[in-house]
There are 2 protein chains.
Amino acid sequence: MCPEQAPIPKRESGDERRIAIARAARALIIEKGLEGLRTRDIAERVGINIATLHYHVPSKEALVALVAASLRDDFKAQALRHPKEGLDAGAQLRQEFNEFREIVAEMPELIGVLSELVDLSRRDPTIAEIILPMQAYWTGQFTKIFRTGIEDGSFRPNIDPAAAAIVVTAALSDCWRPHRRPSLEPVIAELERAFFLPVSNQG
Amino acid sequence: MCPEQAPIPKRESGDERRIAIARAARALIIEKGLEGLRTRDIAERVGINIATLHYHVPSKEALVALVAASLRDDFKAQALRHPKEGLDAGAQLRQEFNEFREIVAEMPELIGVLSELVDLSRRDPTIAEIILPMQAYWTGQFTKIFRTGIEDGSFRPNIDPAAAAIVVTAALSDCWRPHRRPSLEPVIAELERAFFLPVSNQG
DNA sequence: CGCTATCAATCAATCATTTGATTGAGAAAA
DNA sequence: TTTTCTCAATCAAATGATTGATTGATAGCG
């Protein structure tokens with residue numbers, strides 16, 4: 001009302017709203033699971049009215065897809081944070097483990113929400129379309145590393161790269177769970193022992 | 001009405017009902033997830049009225065606990081099916097893999113429901129109380145096998161038994177997922193290569 | 001043996017609340 | 001002014017659960 005007051009924009013843009021909505025939904029999925037996810041709770045967490053939520057995201061289904069896309073985007077951004085060019089296979093593997101540690105530290109809910117959405121992807125093709133390629137990408141990174149490591153002599157030569165990649169991603173994901181969190185470091189160490197070639201072990 | 005008709009019991013006992021209810025709920029959890037689990041759907045699947053379901057199981061919460069207990073009991077029964085006495089560590093490990101194959105073949109939904117309940121156990125102490133000991137038991141079996149195998153020279157001597165057990169159970173659970181099912185055998189083979197000592201490899 | 005009382009189990013109808021979503025008016029921003 | 005965004009109120013259906021009447025099964029008694 002005061003004419004001297006600077007015109008400060010008060011409203012978030014549509015994109016900002018959707019980011020906030022996805023954030024709130026992710027937090028709530030961790031707290032209550034998919035089965036306890038309620039659109040009203042999300043709206044309240046963001047600080048908007050339920051109708052506003054529907055204005056920005058047309059349905060609950062679309063909201064879950066937004067969450068999936070948000071996970072994918074964060075995961076991608078994380079993956080691009082630490083380029084791997086110039087690193088040998090052993091160092092690359094260790095960098096992947098460090099990245100996982102960072103995810104656990106900075107985005108603790110990411111793996112947990114991912115786990116719920118991976119389950120959901122069995123039943124929902126729309127979610128599968130977003131989540132499975134992302135999971136495949138993560139697994140594929142390890143597959144590449146193992147392939148390289150076999151060639152350069154860092155890793156046990158009889159490794160099946162694709163199978164080993166599944167072993168690693170599954171083990172890491174499992175250690176995201178709170179009751180398994182204390183096991184993360186021993187499991188990472190065990191994975192290294194399992195795959196590095198003892199003769200050329202650089203640890 | 002017919003006096004010659006044998007007196008055939010028409011009603012199932014309470015225990016039988018609860019078993020049927022747990023079965024139906026398990027199937028529906030796989031089809032629709034925990035988030036899509038509805039008491040009316042369960043009642044319909046069993047062939048009883050919703051009030052009858054509540055007669056036998058007082059609340060939805062109690063129903064999920066019943067499912068958890070049902071999983072635990074089936075898992076136990078499966079574990080007792082193949083005694084491991086007299087087997088060396090390598091054979092024991094292979095037997096565990098065979099048991100997992102049997103579970104996948106005979107009770108395909110068991111691991112999937114377990115996965116959803118493990119997630120839920122983070123949020124629900126009642127479920128945690130049933131599920132986590134069972135999961136710990138499964139992991140513990142592998143821990144014991146690894147310990148034995150290190151001592152008898154079957155396995156790589158620098159294995160951390162507890163960590164290796166987590167790696168194995170996580171990898172097996174991951175391969176339960178339909179899009180990962182084709183990877184089960186290569187992953188099992190990779191696990192064997194990772195843990196068996198090459199020198200005394202009996203494969 | 002037949003009848004009765006009792007208890008367990010079942011059901012249709014209903015309840016109270018929740019849930020995803022919509023409507024129409026008004027506010028904010030461009 | 002027009003467009004975008006927000007809100008309170010509301011809708012229609014779903015949801016977990018309850019109620020009261022009825023049915024089925026069985027034990028006990030004459």
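Residues numbered from 1 in each chain as written. Chains lettered and ligands numbered in written order. Predicted model: local features only at pLDDT ≥ 70, side-chain atom pairs only at ≥ 80, totals over all residues. Heavy atoms only, no water.

Caption draft 1: A look at the relation of the copies chain B and chain A. The operation relating chain B to chain A is a screw motion whose rotation component is 180°, with 0.0 Å of axial translation and a residual RMSD of 0.1 Å. What the rotation and shift describe, once combined, is the action of a two-fold rotation axis. If distances are taken from each C-alpha of chain B to the rotation axis, the shortest is found for Glu35 of chain B, at 1.8 Å. Comparing interface residues between copies, 100% of those in chain B also sit at the interface in chain A, which points to an isologous, same-surface contact. (Least-squares fit on C-alpha atoms with pLDDT ≥ 70 in both. Contact = heavy atoms within 4.5 Å.)

Caption draft 2: Molecular detail of the layout of surface pockets. In this model, the largest pocket occupies a volume close to 470 Å³. Listing elements by their share of the lining of the largest pocket, those giving two or more residues are helix H4 (60–81) of chain A together with helix H4 (60–81) of chain B. Considered class by class, the residues forming the lining of the largest pocket number eight nonpolar, no polar and 10 charged. Considering only enclosed or pocket space, the second largest pocket measures out at about 360 Å³ in volume. Contributing to the lining of the second largest pocket are 19 residues, with Ala79, Lys84, Glu96, Tyr137 and Gln141 of chain B lying nearest its centre. Counting residues per element, the ones that place at least two in the lining of the second largest pocket are H4, helix H5 (89–106) and helix H7 (125–151) of chain B. A breakdown of the residues in the lining of the second largest pocket according to their chemical character gives nine nonpolar, five polar and five charged. (1 Å grid on protein atoms, 1.4 Å probe; cavity = no way out; pocket = protein on both sides within 12 Å on 5 of 7 lines; lining within 4 Å. Points joined across faces, edges and corners; volume = space filled by probe spheres on them. Helix = DSSP H or I, 4+ residues; strand = E, 2+ residues; numbered from the N terminus. Nonpolar A, V, L, I, M, F, W, Y, C, P; charged D, E, K, R; others polar.)

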